[in-house]
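# Residue-level structural notes
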Amino acid sequence: MRDRPIGVFDSGLGGLTVVRELRRALPKEDFIYFGDTGRVPYGSRSNETIARYTLQDIRFLCGFDIKQIVVACGTASSVLAKLAEAPAEAPILRIIEPTARLACRTTRNGRIGVIGTAATISNRPFQRAIAALRPEAQVFSQSCPLFVPLAECGFSKGECARIAAERYLAGLREQQVDTLILGCTHYPLLKEAIAAVMGPEVALVDAGEAVALELREQLEEKGLLSLRERAGRTEYYVSDGIENFGGMGEEILGEPVLGQVKRIDIEAY
Ligand code: DGL
């Protein structure tokens, strides 16, 4: 059981920002990553559609006899919470709770900003998690629909990203938040632009590190950490666009990815 792989998914390549941290915190684990590149973005779709996509992604990963699922997508995480039943044979870790916990530990003035896709912001999962942890905290939110396409198309640094960040984030800056949750796993790719608008006194909390540390704790507690000698391996699956995913993945992870990416038909799941 302990040497089974961990399944991770996102609508595209944003979840690789989580994989990067997972691999740092859990170097012996094997990962199976699925990026739904044929149907990205999720965040502008209805909850019904996002739920259908999310369940298909989970069914695909469950075919690998995994010991854990990590939902490396804020949007899918926000919709999963609304489903009556946990849909998988493996435990599911969503990015919401670990990230909210880290934000609550980080804030000094109790004013927390949340940015995410349109679906995540309207589903309010971070607000609920923060209210349970620190009821006195004030939460200010903003959807940033252009950030995902900018990241997927390789425009996460430079002029376009800066203009979009200024437009979306000026209001949050005025609210004097001291902590900003990057509630979408694509957003760490735009960190430079986001930090430039928010200023150095605002802490940016991204899901990757929070999720990686929490998963390590959970696996340790359950006696499910891999003890194997060799370094962990990662396999990548996408529903379209292998080249773009491979190229961008290499930039994010700092190692060749393209040769390990396979395309699958997610509609078959
Ligand atoms: N990385 C996904 C998230 O965390 C992006 C969602 C999308 O595809 O719009 O929300």
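Residues numbered from 1 in each chain as written. Predicted model: local features only at pLDDT ≥ 70, side-chain atom pairs only at ≥ 80, totals over all residues. Heavy atoms only, no water.

Let's shift gears to the site of the ligand. Around the ligand, 14 residues are found, and the nearest of them are Ser-11, Tyr-42, Gly-43, Gly-74 and Thr-75. Between a nitrogen atom of the ligand and a side-chain N or O atom of Asp-10, the distance comes to 2.9 Å. Within the side chain of Ser-11, an N or O atom sits 2.6 Å from an oxygen atom of the ligand. Against a free-state accessible area of 300 Å², the protein chains account for coverage of 99% of the ligand. Of the residues belonging to the shell around the ligand, the class tally is six nonpolar, seven polar and one charged. (Near = heavy atom within 4 Å. Polar contact = N/O pair within 3.5 Å; in protein donor to acceptor, adjacent residues only side chain to side chain. Areas by Shrake-Rupley, 256 points an atom, 1.4 Å probe, with all protein chains shown as cover. Nonpolar A, V, L, I, M, F, W, Y, C, P; charged D, E, K, R; others polar.)

Applying the stated criterion to the full structure yields 19 salt bridges. Its salt-bridge partner being Arg-39, residue Asp-36 comes within 2.7 Å of it at the nearest N-O pair. Between Arg-101 and Glu-214 there is a salt bridge, with the nearest N and O atoms lying 2.5 Å from each other. Of the two residues, Arg-101 is situated in helix H4 (residues 96-106) and Glu-214 in helix H10 (residues 207-221); the sequence distance between them amounts to 113 residues. Residue class for Glu-214 comes out buried when judged on its relative accessible area of 17%. Bridged by salt links that share partners, the residues Asp-36, Arg-39, Arg-52, Asp-57 and Glu-267 form one connected network. (Salt bridge = Lys/Arg side-chain N within 4 Å of Asp/Glu carboxyl O. Helix = DSSP H or I, 4+ residues; strand = E, 2+ residues; numbered from the N terminus. Buried < 20%, exposed > 50% of the residue type's maximum accessible area, 1.4 Å probe, protein only.)

With five of its five residues buried, strand S2 (residues 31-35) lies for the most part within the structure. Side chains Phe-31, Tyr-33 and Gly-35 project from S2 onto one buried face, and the interleaved Ile-32 and Phe-34 project onto a second face that is buried too. The pairing of strand S1 (residues 6-10) with S2 spans five bridges and is classified as parallel. When the bridges of S2 are listed, Asp-10 appears paired with Gly-35. In this view, the connection linking S1 to its parallel neighbour S2 by way of helix H1 (residues 16-25) has right-handed handedness. Taken together, the five bridges between S2 and strand S9 (residues 234-238) define a ladder with parallel strand orientation. Paired with Phe-34 across the two strands is Tyr-237, which belongs to S9. (Pairing = 2+ DSSP bridges. Right-handed = clockwise from strand over helix to strand, strands pointing away.)

Right, let's get into the sheet that holds strand S7 (residues 179-182). Taking strand neighbours across the sheet as the criterion, the four strands line up as S6-S5-S7-S8 in an open arrangement whose pairing is parallel. What marks the edges here is a single partner per strand, and that holds for strand S6 (138-143) and strand S8 (203-206). Sheet twist, expressed as the mean angle between neighbouring strand axes with direction ignored, is 25 degrees. Summarising the sheet, S7 and S8 pair through four bridges and their orientation is parallel. When the bridges of S8 are listed, Leu-180 appears paired with Leu-204. Against the sheet, helix H6 (residues 125-133) makes contact with strand S5 (111-116), S6 and S7, and its axis sits at roughly 170 degrees relative to S6, the strand it touches most. Relative to the sheet, H10 contacts S7 and S8, its axis offset from that of S8 by approximately 55 degrees. (Axes fitted to C-alpha atoms, helices over the stretch in contact; angles between N-to-C directions. Contact = heavy atoms within 4.5 Å.)

Remember, this is a structural readout, not a statement about activity or role.
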